[in-house]
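Each chain, written out:
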Amino acid sequence: MRTTLNIDDLLMKQLLEATHEKSKTRAIAIAIKDYLKKKHIKKILSYQGTVDIENNWQQLEKEEIMEYEGKK
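An account of the accompanying structure is given in this report. These figures come from a predicted structure and were not determined experimentally. (Residues numbered from 1 in each chain as written. Predicted model: local features only at pLDDT ≥ 70, side-chain atom pairs only at ≥ 80, totals over all residues. Heavy atoms only, no water.)

We now examine the pattern of salt bridges. The final tally for this structure, using the stated rule, is one salt bridge. The shortest N-O distance in the salt bridge between Asp 34 and Lys 38 comes to 3.3 Å. Remark: Lys 38 and Asp 34 occur in helix H2 (residues 24-46); sequence separation between them is four residues, near one turn of the helix. A relative accessible area of 37% means that Asp 34 is categorised as partly exposed. (Salt bridge = Lys/Arg side-chain N within 4 Å of Asp/Glu carboxyl O. Helix = DSSP H or I, 4+ residues; strand = E, 2+ residues; numbered from the N terminus. Buried < 20%, exposed > 50% of the residue type's maximum accessible area, 1.4 Å probe, protein only.)

The subject of this paragraph is the packing of helix H1 (residues 9-19) against H2. It is the contact of H1 with H2, at a shortest axis distance of 9 Å, that shows an interaxial angle of 80°. Here H2 runs roughly perpendicular to H1, going by the angle between their axes. Mapping the contact onto sequence places Met 12, Leu 15, Leu 16 and Thr 19 in H1 and Lys 24, Ala 27, Ile 28, Ile 30 and Ala 31 in H2. The class makeup of the residues in the contact of H1 with H2 is seven nonpolar, one polar and one charged. (Axes fitted to C-alpha atoms, helices over the stretch in contact; angles between N-to-C directions. Parallel < 35°, antiparallel > 145°, perpendicular 65-115°, else oblique. Contact = heavy atoms within 4.5 Å. Nonpolar A, V, L, I, M, F, W, Y, C, P; charged D, E, K, R; others polar.)

On to a nonpolar patch on the surface, then. Where nonpolar side chains cluster on the molecular surface, the patch consists of Ile 44, Tyr 47, Val 51 and Ile 53 and spans about 470 Å² of accessible area. In this structure, Ile 44 sits in helix H2. (Patch = residues over 30% accessible without salt bridge, like charges linked within 9 Å, V, L, I, M, F, W, Y side chains within 5 Å. Areas by Shrake-Rupley, 256 points an atom, 1.4 Å probe, with all protein chains shown as cover.)

Structurally, Lys 42 is set in helix H2. Residue class for Lys 42 comes out exposed when judged on its relative accessible area of 60%. With 21 residues separating them along the chain, Lys 42 and Glu 21 place their C-alpha atoms 26 Å apart.

Structure representation (structure tokens):
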């Protein structure tokens, strides 16, 4: 998609240096992807402590095997 953007020259120069890209388009795409990735991580981390997960997978696995073998 073509888009016209007005970006400060210094900001663009810093972005090109930070991304080590020669193409402004590629540098902006990298910056957008990085921004979105950080937003997703922040959203996932916001769930920390809100989900109660029991760490009983070993017991559940034993019960499942016993049930499968007809021992339960």
